Amino acid sequence: QVQLVEFGGGLVQAGGSLRLSCAASGRDFRVLTMGWYRQAPGNQRELVADITTRGNTNYADSVKGRFTISRNNNKNTVYLQMNSLEREDTAVYYCHCFAFVVTHRDYWGQGTQVTVSS
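One structure accompanies this document, and this report is about it. (Residues numbered from 1 in each chain as written. Predicted model: local features only at pLDDT ≥ 70, side-chain atom pairs only at ≥ 80, totals over all residues. Heavy atoms only, no water.)

What to know about the sheet that holds strand β7 (residues 67-72)
Link 1 in the chain: Taken together, the four strands give an open sheet; going across it, the order is β1-β3-β8-β7, and neighbouring strands pair in antiparallel fashion. The open sheet has two edge strands with one neighbour each: β1 (2-7) and β7. Mean inter-strand twist for the sheet, computed between neighbouring axes without regard to direction, equals 15°.
Link 2 in the chain: Here β1 runs beside strand β3 (residues 18-26); their pairing, made up of six bridges, is antiparallel. Residue L4 lies in a different strand from β3, and its bridge partner there is A24. (Pairing = 2+ DSSP bridges. Helix = DSSP H or I, 4+ residues; strand = E, 2+ residues; numbered from the N terminus. Axes fitted to C-alpha atoms, helices over the stretch in contact; angles between N-to-C directions.)

This is the structure in structure tokens:
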């Protein structure tokens, strides 16, 4: 099993910044892709950004140029720097990883609330 613990959510004014972090832990596992998804009330969960072990990144069009994803492979940690936040960014943000333990599968964090006020 892999456990994901997120940090860094909160309340921020529009135009402000927040940084999310997420650490993966467990035994005898290998983390592959790591990323962030978000879900706003009434909406489906959507990809925000993800990053491979080699550092290749993928972003949702709505966050390109404002958000930056990075990771520390040695610490199995992924970060999301969110700048120029907008009210539409308000959501619960979930850390995700695709990892190998006995088999390859998806793992999810518990979610952290990000609220952007006008």
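Structure shown, so let's carry the discussion forward.
A few points about the nonpolar core
Link 1 in the chain: With 32 residues, the main nonpolar core has V2, W36, L80, M82 and Y93 as its most contacted residues.
Link 2 in the chain: Considering every element that reaches this core, the biggest residue donor is strand β9 (residues 91-100), with five residues.
Link 3 in the chain: The contacts of Y93, once residues within four sequence positions are left out, are E6, L20, W36, Y37, R38, V48, F67, L80, M82, G111, T112 and V114. (Core = buried A, V, L, I, M, F, W, Y, C linked by side-chain atoms within 4.5 Å. Buried < 20%, exposed > 50% of the residue type's maximum accessible area, 1.4 Å probe, protein only. Contact = heavy atoms within 4.5 Å.)

Let's talk about the state of the cysteines
Link 1 in the chain: In this structure the tally under the stated criterion is one disulfide.
Link 2 in the chain: Across the disulfide from C22 sits C95; the S-S distance is 2.1 Å. In this structure, the disulfide formed by C22 and C95 twists by about -85° around the S-S bond and is classed as left-handed. Pair noted here: C22 is in strand β3 and C95 is in strand β9, with a separation of 73 residues, a long-range link.
Link 3 in the chain: Taking the relative accessible area as the measure of exposure, C95 reaches 0% and is therefore buried. (Disulfide = S-S within 2.5 Å.)

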